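Examining the three-dimensional arrangement
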Amino acid sequence: MKQDQVEHDDFDIFLKKQLQQAQPYVEDNDFTANVMNQLPAAKTLGVWQERLIILIPFMIISLLVLSQFSLLNILIKLWSFLVAVQVTNLMQIGLVTMLAVISGASFWFAKQFKLI
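Residues numbered from 1 in each chain as written. Predicted model: local features only at pLDDT ≥ 70, side-chain atom pairs only at ≥ 80, totals over all residues. Heavy atoms only, no water.

A look at the overall build of the chain
Looking only at helices and strands, the chain has five helices and zero strands in total. Taken from N to C terminus, the helices and strands of the chain fall in the order α-α-α-α-α. Evaluated residue by residue, the chain yields a buried proportion of 2% over its 116 residues. A total accessible area of about 11,600 Å² is found for the chain, and carbon and sulfur atoms account for 69% of it. (Helix = DSSP H or I, 4+ residues; strand = E, 2+ residues; numbered from the N terminus. Buried < 20%, exposed > 50% of the residue type's maximum accessible area, 1.4 Å probe, protein only. Areas by Shrake-Rupley, 256 points an atom, 1.4 Å probe, with all protein chains shown as cover.)

Structure representation (structure tokens):
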């Protein structure tokens with residue numbers, strides 16, 4: 001993180017020099033900073049507003065996609081799959097899924113605590 005900040009600062013210094021050399025530089029005597037300070041604070045959205053902004057389009061798009069499928073055909077295929085599948089296969093699928101979830105959670109946990 002600190003290296004990125006140093007590189008960013010170096011670039012800012014370089015850019016400032018280039019802009020000053022490109023044309024006569026006019027000092028603003030902190031005019032820009034004063035104007036920025038006088039601007040009203042940015043409004044933050046509440047947690048529920050953020051969730052609704054994501055959830056409403058997601059639901060609309062999901063319903064549009066689902067409306068293109070025949071619900072009866074999907075239920076028939078699902079029922080025939082459940083009747084034909086053996087319990088051992090379902091257990092294998094469940095174990096593999098559980099192993100993937102636990103592995104992913106362990107990897108995330110290790111990265112959070114910088115163990116990797």
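So, next bit.
Some details on unusual backbone geometry
With a phi angle near 60°, Asp 30 is a residue other than glycine that sits in the positive phi range. You can see Asp 30 is positioned in the loop between helix H1 (2-22) and helix H2 (31-38). Even without glycine at this site, Lys 114 takes up a positive phi of about 55°. Relative to the elements of secondary structure, Lys 114 occurs in the segment after helix H5 (87-112). On the accessibility criterion, Lys 114 (70% relative accessible area) is exposed.

What about the environment of Ser 103?
Turning to its location among the elements, Ser 103 is positioned in helix H5. Judged by relative accessible area, which is 42%, Ser 103 ranks as partly exposed. At 2.8 Å, the side chain of Ser 103 and the backbone oxygen of Leu 99 are in polar contact. (Polar contact = N/O pair within 3.5 Å; in protein donor to acceptor, adjacent residues only side chain to side chain.)

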